[in-house]
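A look at the structure
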Amino acid sequence: MNLPNITLADFLPMLPAIIMVVAASVLLLSEVFLSATASRGYQAVLTVVAAAASGAVAVGLMFEPPQEVFLGFGVLDPFSSFLTLVVSVGLALAALSAVGFLRRRGAERGEFYALMLFASAGMSLLAMSSEFITIFVNIEVLSIATYALTAYLRRGTRPSEAGFKYFILGAFSSAVLLYGTALLYGATGTTKLNDMAGPLQQALATSPALVYVGAVLIAAGFAFKVAAVPFHMWTPDVYEGAPTPVTALMSAGVKAAAFASLVRVFVTVGKGMDPKLPLMLFATLALLTMVAGNLMAIPQRNVKRMLAYSSIAHAGYLLLGVAALFVAAPGEHFRLLSASSLSGGTPLDVARSDALRGILYYLLAYTFSATGAFAMVSALERREDEEKGTAWDLERFAGLAQRRPGWAFAMAAFMLSLGGIPPTVGFMSKLLIFQAAIDVGLVGLTVVAVLSSAAGAYYYLRVVVYMFMHPIPEGAQPLERNWGTEAALVIATVAVVLLGILPGHVTDWLAQAGTLFGQ
Amino acid sequence: MNIELVLFGVFAVMTLLSAGLVITARSPINSAMALVSTFFFLAGIYVLLWAHTVAVIQVLVYAGAIMVLFLFVIMLLNLGDAPHRGKPTVTRLLGGASAAGLLAVLAVTLGRMDAQPARLDAQGQATFGTLAAIGQSIFTTWLLPFEAVSLLLLVAMVGAVVVAKSRI
């Protein structure tokens, strides 16, 4: 019998995911021995420790040479290890902000943190999957865990509605993705990304339509997962209805993992294809997503919903970076989406690896800023107001600078970062992506991106104005402090400011992390 | 015209017809019954594809176990007939139009495909699709997705219990 050679070394890249799964199992099993009223403070601590351990292992793995593992079903490359680090950061911050949130509702249970850990393990595995079945299964691992987390608190109608909507649309998008995969398999006869180059050339010569339809369906499936317009309909309701720490995990981790897989799939599938097709596809998605996301966020007075629309807009900037990966030669013209070299100095392949670096830095920046902002939202909301829908109103932030100056400062840092205003990490990451997009020649699209992020500054700064310039509302309830939330705020604020002031070390490091296997 | 082609025609048409009935039937029980027949005819297509094991599992798991669950749920929820369809709205028309567009694109694409299917050689016919061959490839070559599926099952179980638990 011919047995393929799988050794223990193949499991090494899975170590971050294995740590998370083991921690989740410990949480699930320990819950059996606890009474309903027992103290559960250790659960968040264990989750954060597991996240830190996974992140540390991921940093170590980043310096391993890129290699195939499990016969090419997965790859270990700096790209996937960096994504695992981003996921670990998001997980740790979301778990910290969940401590106070769950305690106020009397809803602390091991299952909550266990599902968060399972979802993060799925994200980490998704980032390193390089075979379509594996990609699909890992997308389902992270999706099903987040569906359950969305419906975790079931008082009232909102969480049930959010959970149900997320589940139905998520299942639908997974089916679209799977169908595209099936068509691509029919055309090439393989599901492994690294074996696809040769068969893909043949398939493009004999039945190109099948490849293109498959690729478009796969792109649509991913567009659902990253909430790109016009596949974004579920986002505001789900982000608003889900428990706030879960929203933080969704906006950071799920998005990062889906983008990682999207980039990995299309960098491979796009090879040999007329590069105009992926360029047009992602440039159009980026354009719609940036403009629509920002425009829809402007009228929101509900901060949580505003952050949901803002996460759509941020997906748009990231898609701009993805589009920049597919510019084959400057001078291709599609009017607004035209690619004409402006700087002329930067070679195209350098600009493209800059784009990949920009995407990774952006994901890290967005993870810190968004999870921090959601941690703040979760600290201010009160359960009694949820049914009335005022739990997340801008009024909650009025006069925060006088009541809790530290909180207001942290939130201001997150808002500036999300708006892309220096000296924060959000500015640096936008700069990297926009610069790469200009270097490859996507000038028109970058101008739109800059204009729409200027429009975005309006609704981010409005929160700052409320915090610093509005009086404390009458009958304001006292604000409860919690060590978890405050730890999350401190970590996120320090990172947002430090990475904004001293990006040099990280971007140098990222130059290596932007290495995709086989590139 | 060989017997395989005739059988494929019968199975394909019947699969589509019963699948159509699943979404048009107004009584949930009729829908569920049409779904059973869809599963059965689909199993027939699997057999024609030389995938016997998948066909047997399809009948055992889907037409058997899953359908019983479906019927239990329908019984427990005591579902009546669905109300009459409302008037066509803009969203419905748009949805219908895009579905029809997708169908047209797929029909054209698949219609252009090479009509000569791949044939199995004698060696392949002896092993392909057998339980032994599937088992061997699942536990060796496909180890990574297999492990990921076991994680998926665990997550789904925990998730289902969490969602169904008493209210928090």
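Residues numbered from 1 in each chain as written. Chains lettered and ligands numbered in written order. Predicted model: local features only at pLDDT ≥ 70, side-chain atom pairs only at ≥ 80, totals over all residues. Heavy atoms only, no water.

In the nomenclature of an unreviewed UniProt entry, chain B is known as NADH-quinone oxidoreductase subunit J of Corallococcus aberystwythensis. We quote the UniProt Function (unreviewed entry) comment for chain B here in full: "NDH-1 shuttles electrons from NADH, via FMN and iron-sulfur (Fe-S) centers, to quinones in the respiratory chain. Couples the redox reaction to proton translocation (for every two electrons transferred, four hydrogen ions are translocated across the cytoplasmic membrane), and thus conserves the redox energy in a proton gradient." Turning to chain B, the UniProt record has this under Sequence similarities (unreviewed entry): "Belongs to the complex I subunit 6 family." (UniProt positions renumbered as here; feature names shortened; annotations may be inferred.)

If you look chain A up in an unreviewed UniProt entry, it shows as NADH-quinone oxidoreductase subunit N from Corallococcus aberystwythensis. Recorded in UniProt for chain A, the comment headed Catalytic activity (unreviewed entry) runs: "a quinone + NADH + 5 H(+)(in) = a quinol + NAD(+) + 4 H(+)(out)". According to UniProt, the comment filed for chain A under the heading Subunit (unreviewed entry) is "NDH-1 is composed of 14 different subunits. Subunits NuoA, H, J, K, L, M, N constitute the membrane sector of the complex."

Of regular secondary structure, chain B possesses seven helices and zero strands. Along chain B, helices (α) and strands (β) appear in the sequence α-α-α-α-α-α-α when read from the amino end. Its C-alpha atoms give chain B a radius of gyration of 21 Å, more than 25% over the compact-globule value 15 Å for 168 residues. For chain B, contacts bridging at least 24 residues in sequence account for 61% of all contacts bridging at least 6. Of the roughly 11,500 Å² that chain B leaves accessible, carbon and sulfur atoms contribute 75%. A gap of 25 Å separates the mean positions of the 8 positive and 5 negative side-chain charges of chain B. (Helix = DSSP H or I, 4+ residues; strand = E, 2+ residues; numbered from the N terminus. Rg over C-alpha atoms; globule rule 2.2 N^0.38 Å. Contact = heavy atoms within 4.5 Å. Areas by Shrake-Rupley, 256 points an atom, 1.4 Å probe, with all protein chains shown as cover. Lys, Arg positive; Asp, Glu negative; His and termini not counted. Charge placed at Lys NZ, Arg CZ, Asp CG, Glu CD.)

It is worth spelling out the layout of surface pockets at this point. Size it by volume and the second largest pocket reaches roughly 970 Å³. Taken together, 23 residues make up the lining of the second largest pocket; nearest its centre are Phe172(A), Phe224(A), Pro230(A), Phe231(A) and Ser98(B). Listed by contribution, the elements that provide at least two residues to the lining of the second largest pocket are helix 6 (158–188), helix 8 (208–226) and helix 11 (276–297) of chain A together with helix 4 (90–111) of chain B. No other element matches the seven residues that helix 4 of chain B contributes to the lining of the second largest pocket. Looking at the lining of the second largest pocket, its residues break down into 19 nonpolar, three polar and one charged. (1 Å grid on protein atoms, 1.4 Å probe; cavity = no way out; pocket = protein on both sides within 12 Å on 5 of 7 lines; lining within 4 Å. Points joined across faces, edges and corners; volume = space filled by probe spheres on them. Nonpolar A, V, L, I, M, F, W, Y, C, P; charged D, E, K, R; others polar.)

Attention now goes to helix 8 of chain A. Residues and elements named next belong to chain A. Over its 19 residues, helix 8 extends 27 Å from the first C-alpha to the last, a length consistent with the 27 Å expected when each residue adds 1.5 Å. Along helix 8, 15 of the 19 residues are buried, which leaves the element largely enclosed by surrounding structure. Backbone geometry just downstream of helix 8 places Ala 227 in the positive-phi region, at approximately 60°. (Expected span 1.5 Å × (residues − 1). Buried < 20%, exposed > 50% of the residue type's maximum accessible area, 1.4 Å probe, protein only.)

Turning to the environment of Thr130(B), a few remarks are in order. All names here are of chain B. Counting through the fold element by element, Thr 130 comes out in the loop between helix 5 (122–127) and helix 6 (131–139). Among the residues examined, Thr 130 registers a relative accessible area of 26% and is labelled partly exposed. Residues Thr 130 and Ser 150, spaced 20 residues apart in sequence, show a C-alpha to C-alpha distance of 22 Å.

In the contact formed by helix 5 (residues 132–150) of chain A and helix 7 (residues 143–164) of chain B, the axes pass within 9 Å of each other and the chain directions differ by 15°. The angle between the axes of helix 5 of chain A and helix 7 of chain B places the two elements in the roughly parallel class. Every pair of crossing elements has a handedness; the one defined by helix 5 of chain A and helix 7 of chain B is left-handed. On helix 7 of chain B, the residues touching Ile133(A), Thr134(A), Val137(A), Asn138(A), Glu140(A), Val141(A), Ile144(A), Ala145(A) and Ala148(A) of helix 5 of chain A are Leu144(B), Pro145(B), Ala148(B), Val149(B), Leu151(B), Leu152(B), Val155(B), Ala156(B), Gly159(B), Val162(B) and Val163(B). Grouping the constituent residues of the contact of helix 5 of chain A with helix 7 of chain B by class yields 16 nonpolar, three polar and one charged. (Axes fitted to C-alpha atoms, helices over the stretch in contact; angles between N-to-C directions. Parallel < 35°, antiparallel > 145°, perpendicular 65-115°, else oblique. Left-handed = near helix turned anticlockwise from the far one by under 90°.)

Residues and elements named next belong to chain B. Here the UniProt feature "transmembrane region" (unreviewed entry) sits at residues 6–25, 32–51, 57–77, 89–110 and 142–164. Counting secondary structure, residues 32–51 comes out at 85% helix and 0% strand; the distance between its end C-alpha atoms is 25 Å. Counting secondary structure, residues 57–77 comes out at 100% helix and 0% strand; the distance between its end C-alpha atoms is 28 Å.

Once that is clear, we can look at the UniProt feature "domain: NADH:quinone oxidoreductase/Mrp antiporter transmembrane" (unreviewed entry) in chain A. Within this numbering scheme, the UniProt entry marks residues 129–324 and 353–453 of chain A as carrying the feature "domain: NADH:quinone oxidoreductase/Mrp antiporter transmembrane" (unreviewed entry). Secondary structure content for residues 353–453 of chain A is 73% helix and 0% strand, while the C-alpha to C-alpha distance between its ends is 23 Å.

The next thing to look at is the confidence of the model for chain B. When the pLDDT values of chain B are averaged, the result is 86; 93% of them are 70 or greater. Among the scores for the predicted complex, ipTM is 0.90 and pTM is 0.92. (pLDDT = per-residue confidence, 0-100.)

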